[in-house]
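# Tertiary structure, described
Next come the chains, spelled out residue by residue.
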Amino acid sequence: MKTIYLDNNATTRVAPEVLTEMTPYFSEFYGNPSSMHSFGGQVAKKIAESRAKVAALIGADPDEIIFTSCGTESDNTAIHSALAVNPEKRHIITSRVEHPAVKALCEHLAEKDCRVTTIEVDSAGNLDMDQYKKSLSADTAVVSLMWANNETGVIFPVEEAAQLARERGILFHTDAVQAGGSLDLDVNALNVDLMSLSAHKFYGPKGIGILYARRGIPFLPMQTGGGHERGRRAGTENVAYIVGIATALRLAYEEQQESNTRIARLRDKLIAGVLERIPDSRLTGHPAQRLPNSASFLFKYIEGESTLLRLDLLGVAASSGSACTSGSLEPSHVLTAMGFRHEEAHGSLRLTLGKENSEADVDYVLGILPGIVEKLRRMSPLFDG
Ligand code: PLP
């Protein structure tokens, strides 16, 4: 059976070039980078090279790059550090549509000693900038706003939000995990102090992330131990994966322009086709202010999970929200924040394209999806059409 992977916001396949670069660092160059001998030295050199490569790609200096175990760790470290260096400030600003890596942490901190303001979004998923501006206060320790939403693909005006925070001396973190590989991650143009990335969203391996921390900002590590990563993240470096994330980011930059144009064309064909062929369907999120690969829909009268299962039987991998929230019976917090009722939000389907998808994949999905939705609707007690 034909299989089509349309869940690239959940994760991507490791690119062959990335795997090739990583492989020698499992078996051939296995020294500990902290060792004094040449086994360790050659590995330490490769980490330094990878760090310099990543830094150059995002407009940073090498000592501003901290390798972590994933996007979640980068997000958690950024927020914990900002609070730890500002013990007298207990206010956090974030948004209603963050990934659980930020959302759940902020909820936890709100139960402890922090005051958390969650900025609203409108029905297209755009950030309420007026509320944001009003909520910046002398007590704010950190702002954490995602750059691109993993469910809808909607892009937040991080540059402007970060500038407003900077003018007030407030640390600004962006979760750029979903933007990594698609958007230009220039940290100076973005004005951010802290930025999270994760390799598995741009054809690198799972289990390796980056935290960019601007030079000069106060920083306290989340885990203590050895002096790795200049004392900012203890633990022997995951050498092969560090090589992997640097290679994946380089490839993403090399391919970005061509890939974004091609993928956006496929996405637009997919969106137009779905809306035209399936009655009572709608696109969620701003139609233009979105990642080039992301399309997410609501189909009235049916459950997103049932659509997913039927698509899966016909060889198509999709999702009904983020990979981290699917599996729970709760509707997507992103869609409810955008004002959709629970029963509407339950009918969501996210199709996220990647560089391996072709026009034939889009045609195949457009061929089978209308029939799936129609069949499910006929079985639905809510449907009287
Ligand atoms: N932030 C966003 C926006 C994401 O989409 C994800 C992953 O789905 C994460 C954070 C967490 O990244 P990781 O899976 O590397 O922990």
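The coordinates are above.
Residues numbered from 1 in each chain as written. Predicted model: local features only at pLDDT ≥ 70, side-chain atom pairs only at ≥ 80, totals over all residues. Heavy atoms only, no water.

## Digging into the overall build of the protein chain
The test is simple: Secondary structure is summarised from DSSP: a helix means a run of H or I of at least four residues, a strand means a run of E of at least two, and numbering begins at the N terminus for each. Radius of gyration here uses only the C-alpha atoms, and the compact-globule reference equals 2.2 Å multiplied by the residue count raised to the power 0.38. Working definition: with a 1.4 Å probe on protein chains only, accessible area under 20% of the residue-type maximum means buried, over 50% means exposed, and in between means partly exposed. Note on contacts: a residue pair is in contact if any heavy atoms of the two residues lie within 4.5 Å.
Scanning the protein chain from terminus to terminus reveals 14 helices and 12 strands. By the compact-globule yardstick of 21 Å for 385 residues, the protein chain fits well, its C-alpha radius of gyration being 21 Å. A principal-axis box enclosing the C-alpha atoms of the protein chain has dimensions of 70 × 50 × 30 Å. Within the protein chain, the proportion of its 385 residues that are buried is 56%. Within the protein chain, counting contacts between residues at least 6 apart in sequence, those at least 24 apart form 74% of the total.

## Quick word on the pattern of salt bridges
The following threshold applies: We define a salt bridge as a contact between a side-chain nitrogen of Lys or Arg and a carboxyl oxygen of Asp or Glu at a distance within 4 Å.
Scanning the entire structure with this criterion turns up 23 salt bridges. Note that Arg250 and Glu254 form a salt bridge whose closest N and O atoms lie 2.9 Å from each other. Taken together, the residues Arg250 and Glu254, both in helix H10 (residues 239-277) and 4 residues apart, mark about one turn of the helix. Between Asp363 and Lys269 there is a salt bridge, with the nearest N and O atoms lying 2.8 Å from each other. A residue pair is termed long-range when its members are at least 10 positions apart, and Asp363 in helix H14 (residues 359-379) and Lys269 in helix H10 qualify at 94 residues. Overall, the relative accessible area of 38% leaves Asp363 in the partly exposed class.

## Quick word on the site of the ligand
Using the following cut-off: It suffices for a single heavy atom of a residue to lie within 4 Å of a molecule or strand for the residue to be listed as near it. Polar contact is the term for a pair of N or O atoms within 3.5 Å; when the atoms are in protein, one must be able to donate a hydrogen and the other to accept it, and sequence-neighboring residues count only if both atoms are side-chain atoms. Each accessible area is a Shrake-Rupley result for a 1.4 Å probe, and residues are judged covered by the shown protein chains and nothing else.
Taken together, 13 residues form the shell around the ligand, and within it Gly71, Thr72, Asp175, Ser198 and Lys201 come nearest. One of the backbone N or O atoms of Gly71 is found 2.8 Å from an oxygen atom in the ligand. In the environment of the ligand, an oxygen atom lies 3.3 Å from a nitrogen or oxygen atom belonging to the side chain of His99. Starting from 390 Å² of accessible surface for the ligand in isolation, the protein chains cover 90%. Residue contributions to the shell around the ligand peak at 3 residues, all from helix H4 (residues 71-85).

## So, the sheet that holds strand S2 (residues 65-68)
To keep it simple, the criterion reads: Should DSSP find at least two bridges between two strands, the strands are regarded as paired. Every axis corresponds to a line fitted to the C-alpha atoms, with the helix fit spanning only the stretch in contact, and the corresponding angles, defined between N-to-C directions, vary from 0 to 180 degrees.
Strand order in this open sheet of 7 strands is S2-S8-S7-S6-S5-S3-S4, and the pairing throughout is mixed. In the strand order of this sheet, the two ends are held by S2 and strand S4 (115-119), each with one partner. Averaged over neighbouring strand pairs, the angle between their axes works out to 20 degrees when direction is ignored. Set on the sheet, helix H3 (residues 38-58) makes contact with S2, strand S7 (194-198) and strand S8 (209-213); between it and S2 the angle comes to about 115 degrees. Sheet strands in contact with helix H5 (residues 100-111) are strand S3 (91-95), S4, strand S5 (140-146) and strand S6 (171-175), and its direction is about 150 degrees off that of S3.

## Topic: the state of the cysteines
Our working definition: Here, the term disulfide refers to a pair of cysteine sulfur atoms separated by no more than 2.5 Å.
Applying the stated criterion across every chain, the model contains 0 disulfides. For Cys106, which is in no disulfide, the shortest distance to another cysteine sulfur is to Cys114 and amounts to 8.4 Å.

## Observations concerning the side chain of Thr77
You can see Thr77 is positioned in helix H4. The class for Thr77 is buried, based on a relative accessible area of 4%. Of note is the side chain of Thr77, whose polar atom sits 2.6 Å from the backbone oxygen of Glu73. Apart from the residues lying within four places of it in its own chain, the contact partners of Thr77 are Leu211, Phe219 and Met222.

## Topic: unusual backbone geometry
Unusually for a residue other than glycine, Tyr203 sits at a positive phi of about 65 degrees. The topology assignment puts Tyr203 in the loop between S7 and S8. Phi is positive for Asp280, close to 55 degrees, though the residue is something other than glycine. Among the residues examined, Asp280 registers a relative accessible area of 41% and is labelled partly exposed.

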